[in-house]
Amino acid sequence: MIGNNWDSLLSEEYKKEYFLKMIDFLNKEYKNKTIYPKKNEIFNAFRYTSFDNIKVVIIGQDPYHGPNQAEGLSFSVSNSVLKPPSLQNIFKELESDLGIPFPEANSLKPWANEGVLLLNSVLTVEEHSPASHKNIGWETFTDNVIKKINEKKEPVVFILWGAFARSKKELITNPKHLIIESAHPSPFSARNGFFGSKPFSKTNEFLRKNNIKEIDWRIEK
C-alpha cells in the first residue's frame, strides 16, 4: 500500500475491521465526490518518510480542502497554489528562528525527505468541507502510527502546534523523545505563542545532542 517498511509495520492494521470499512467508504467517496488529496497521494507522508528515517513528527489535523492544495503532507500544499496563512506563518517563524529566507515554494517535501513525518490525524477530506472525514477511522489509524513511533529506540522530536495536536501528547510516553508544543500557526493564534517558539532550532539542538544529523529546514536547496 505504501511501498516501504511502513507496510510491514502496519500489516496488522490493514486487516482490522475499522480499516477495511474505511477503505470501502473512501472508494465510494472518491467515485462520487471530489476528495483530497488525490487517491494515490493519501499515504505520501509515509512514502516520503520511512519509519527508519523518522527524526521529527509534525502533527496536523486534516488536509486542506481547496483544489490543488493537499498533497498528503501536513501543512504542505503544492507549489501551484497560493500559500495558506498557516504555512505563511510557519515560514515566517522559520526565517525568524534560523534566518532561512522566506521560501517561494510551498511544498514541504524537502522536509519529508530530511526525516520529518508530516502526519495529519485525518488523511482525507471532501472538497470545501473541512473535517468531513472526521471519525471514519483515520484517527484510530494515525493514533496507532504515533504509538509505533513512540516505541522507537532512537529519539524523535514531536512538534505539536495547537490544541488538537497537543491532545496527542498522551500517546507519547517514551522519555527518550522530545515534545515541542505551542500555539497553532493559524492567524487566529500565531501571536499567542507560535511566533517566537523556535521549534526548528530547538529540534536541531536536541538532535545534535543525541548525535543525530540535524534537519536541513531549507525548502529551496
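See the structure above.
Residues numbered from 1 in each chain as written. Predicted model: local features only at pLDDT ≥ 70, side-chain atom pairs only at ≥ 80, totals over all residues. Heavy atoms only, no water.

Now for empty space enclosed by the protein. What the rule picks out here adds up to 1 cavity of 30 Å³ or more. What the largest cavity holds in volume is close to 70 Å³. Forming the walls of the largest cavity are Ile42, Pro63, Tyr64, Ala70, Glu71, Gly72, Leu73, Ser74, Ser76, Leu118, Asn120 and Leu123. In terms of residue class, the lining of the largest cavity is made up of 7 nonpolar, 4 polar and 1 charged. (1 Å grid on protein atoms, 1.4 Å probe; cavity = no way out; pocket = protein on both sides within 12 Å on 5 of 7 lines; lining within 4 Å. Points joined across faces, edges and corners; volume = space filled by probe spheres on them. Nonpolar A, V, L, I, M, F, W, Y, C, P; charged D, E, K, R; others polar.)

Roughly 480 Å³ of volume is contained in the largest pocket. In terms of lining residues, the largest pocket is bounded by 22 residues, among which Gln61, Asp62, Tyr64, Ser86 and His184 are the most central. Looking at the lining of the largest pocket, the elements that each hand over two or more residues are strand S2 (56-60), helix H5 (85-98) and helix H8 (162-166). Here the lining of the largest pocket is composed, by residue class, of 13 nonpolar, 8 polar and 1 charged. One number sums up the size of the second largest pocket: a volume of about 150 Å³. (Helix = DSSP H or I, 4+ residues; strand = E, 2+ residues; numbered from the N terminus.)

This part is about unusual backbone geometry. Looking along the chain, the bond that leaves Tyr36 and enters Pro37 is cis, with omega of -10°. Assignment of secondary structure puts Pro37 in the loop between strand S1 (35-36) and helix H4 (44-48). Even without being a glycine, Asn135 presents a positive backbone phi close to 65°. Relative to the helices and strands, Asn135 resides in the loop between strand S4 (125-126) and helix H7 (138-150). Look at Asn211: it is not a glycine, yet its phi comes out positive at around 55°. With respect to the element layout, Asn211 can be found in the segment after helix H9 (199-209).

Looking now at the packing of aromatic side chains. In the structure shown here, the tally under the stated rule is 18 aromatic pairs. When the ring of Phe91 is compared with that of Phe102, the centres are 5.7 Å apart and the planes differ by 85°; the resulting orientation is edge-to-face. You can see Phe91 sitting in helix H5 and its partner Phe102 sitting in the loop between H5 and helix H6 (109-114), a full 11 residues away along the chain. Note on Phe91: relative accessible area 0%, which makes it buried. Clustering of aromatic rings is evident, with ring pairs tying together Trp6, Tyr14, Tyr18, Phe19, Phe43, Phe46, Phe51, Trp138 and Phe141. Of note, Lys152 hangs over the ring of Phe51, and the distance from its end group to the ring centre comes to 4.5 Å. (Phe/Tyr/Trp six-rings, centres within 6.5 Å; stacked < 30°, edge-to-face > 60°. Buried < 20%, exposed > 50% of the residue type's maximum accessible area, 1.4 Å probe, protein only. Lys NZ or Arg CZ within 6 Å of the ring centre and 35° of its normal.)

To continue, consider the side chain of Asn144. Within the fold, Asn144 resides in helix H7. For Asn144, a relative accessible area of 17% puts it in the buried group.

Attention shifts here to the pattern of salt bridges. In this structure the tally under the stated criterion is 13 salt bridges. Residues Lys16 and Glu13 are paired through a salt bridge, measuring 3.1 Å at the closest nitrogen-oxygen approach. When its relative accessible area of 36% is taken as the criterion, Lys16 is described as partly exposed. When its relative accessible area of 5% is taken as the criterion, Glu13 is described as buried. Between Glu181 and Lys169 there is a salt bridge whose closest N-O contact spans 2.9 Å. Taken together, the positions of Glu181 in strand S6 (residues 178-182) and Lys169 in the loop between H8 and S6 put the pair 12 residues apart, joining distant regions of the chain. Members of the salt-bridge network, linked through shared partners, are Glu29, Lys33 and Glu126. (Salt bridge = Lys/Arg side-chain N within 4 Å of Asp/Glu carboxyl O.)

Let us look at the sheet that holds S6. Read across the open sheet, the 4 strands follow the order S3-S2-S5-S6; overall the sheet is parallel. The open sheet has two free edges, formed respectively by strand S3 (116-120) and S6, since each of these has just one partner strand. In this sheet, neighbouring strand axes are inclined to one another by 20° on average, regardless of whether the strands run parallel or antiparallel. Across 4 bridges, the pairing between S2 and strand S5 (residues 157-161) is parallel. (Pairing = 2+ DSSP bridges. Axes fitted to C-alpha atoms, helices over the stretch in contact; angles between N-to-C directions.)

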